[in-house]
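Residue-level listing of the chains:
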Amino acid sequence: MQNRLRGLLLCLGSLLAISCTGSSSKSTTTPMDPPVATPSSLPAPSFSLQKTLLGPSRFDPVRAISYSGYRTGQGPGKAEPSAEQIREDLALLSRHWNVIRLYGSGPQSATVLEVIAREKLPLRVMLGAWLQAEVSNPGCPWGGIYPEAELIKNRQENSAEVDQAIQLTKTYPSLVSAISVGNEILVEWTDHLVPAASVIAYVKRIKGSVTTAVTVADNYVPWQNGHEELVELLDFITIHTYPIWENKGIDVALSYAQQNYESVRQRHPHKPIAIGETGWTTGTNGVGIPVAFANEIAQQQYFKEMSAWSQSQGVPVFFFEAFDEDWKGGPDPAEPEKHWGLFTKDRRPKIAVRELFPDRV
């Protein structure tokens, strides 16, 4: 979902709707619903995601959220949020959440870590290493074909991004609880495809440089299909699941997300799994998501039900996302990509979290 290029490409609305309903978290082919395993039907992994994400001395439940600080008029390639704006955001989020997910290791992520350290905020970070396309992908319905010169440049920049993730982790070892290598780089429809061999090499480089846990975040379908060699290297798997992008209404959304989780768990029962992205948009222009599905009441229900399941099962869930981001997509203000936040772009809580932030209503 957090695809810097995708946001700009979503203006191809009709193509997107026909081919993949516009989400970087939806498969172009709908898998069969797998059987749901009960928590006791599979062995529990010995690796503790609770201790990994929060640290061994904290015992409060993991409450995690995806964060990007872009405000109105800001965006990739445009103005960046200031340190003060980031401080305001993190002070707000830290009132409820204790782990945030970042998608890259560029200047904004460096500022986030600096602010958390300086302000002594009770937040830990799953840091990202953003990977661009290293090969063309003819299977991407909205692009994904690049000249070789661009791919060569991307590989160089990806290598530098991995090095920057390592450096930030060394600089803030008590704050970075995990590193996510890439984001939706394996799934068949991605416009920034990275070969599994390259991903494995990046993971090995990071694990050879720092002791921080390492994961790869992707749609649930690639993990259903295997990637055993990569999985063996990871400390945990991170999956994305968006029932609303797969035409699931709110009444069946939680059960569908649970099925996605269980299908991966059954394929890799020895490996812990976090849900790195899931959420519910509150707005749509009807492209990819029916207008009747997207509203704040449905978002509230999904947030409450998913939060309860996360706590009861001990499965870390990163809600997508903290704030609406109007830089995403094309000029249509109703595009769903702009409305995933639990807060509006003006930092006002939507119905889902108003009980948690009554002073901000």
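Residues numbered from 1 in each chain as written. Predicted model: local features only at pLDDT ≥ 70, side-chain atom pairs only at ≥ 80, totals over all residues. Heavy atoms only, no water.

**Looking at the sheet that holds strand β7 (residues 273-278)**
Right, so step 1: The eight strands are arranged β1-β2-β3-β4-β5-β6-β7-β8 in a closed barrel whose pairing can be described as parallel. Averaged over all neighbouring strand pairs, the angle between strand axes comes to 25°, with direction disregarded.
Right, so step 2: Of the pairings in the sheet, the one linking strand β2 (residues 99-101) to strand β3 (residues 124-129) comprises three bridges and is parallel in character. Looking across to β3, one finds that V99 is bridged to R124.
Right, so step 3: Helix α7 (residues 196-207) rests against β4 (176-183) and β5 (213-219) of the sheet, and its axis sits at about 155° to β5. (Pairing = 2+ DSSP bridges. Helix = DSSP H or I, 4+ residues; strand = E, 2+ residues; numbered from the N terminus. Axes fitted to C-alpha atoms, helices over the stretch in contact; angles between N-to-C directions. Contact = heavy atoms within 4.5 Å.)

**Quick word on helix α6 (residues 148-171)**
Right, so step 1: Here α6 is 24 residues long and its end C-alpha atoms lie 35 Å apart, about the 34 Å a rise of 1.5 Å per residue gives.
Right, so step 2: Listed in full, the buried residues belonging to α6 are L151, N154, N158, E161, V162, A165, I166, L168 and T169.
Right, so step 3: Structurally, α6 contributes buried residues whose contacts are with α5 (107-119), β3, β4 and α7. (Expected span 1.5 Å × (residues − 1). Buried < 20%, exposed > 50% of the residue type's maximum accessible area, 1.4 Å probe, protein only.)

**Things to note about the packing of aromatic side chains**
Right, so step 1: One pass over the full model with this rule turns up 14 aromatic pairs.
Right, so step 2: Residues F320 and W340 carry aromatic rings whose centres are separated by 6.4 Å and whose planes lie at 65° to one another, so their mutual orientation is edge-to-face. With a gap of 20 residues between them, F320 in the segment after β8 (317-319) and W340 in the segment after β8 connect regions that are remote in the sequence. With respect to class, F320 is no different from W340; both count as buried.
Right, so step 3: Aromatic side chains F343 and F357 sit 5.1 Å apart centroid to centroid with 70° between the ring planes, which places their arrangement in the edge-to-face category. Linking F343 in the segment after β8 with F357 in the segment after β8, this pair joins segments that are 14 residues apart in sequence. Each member of the pair, F343 as well as F357, is classed as buried. (Phe/Tyr/Trp six-rings, centres within 6.5 Å; stacked < 30°, edge-to-face > 60°.)

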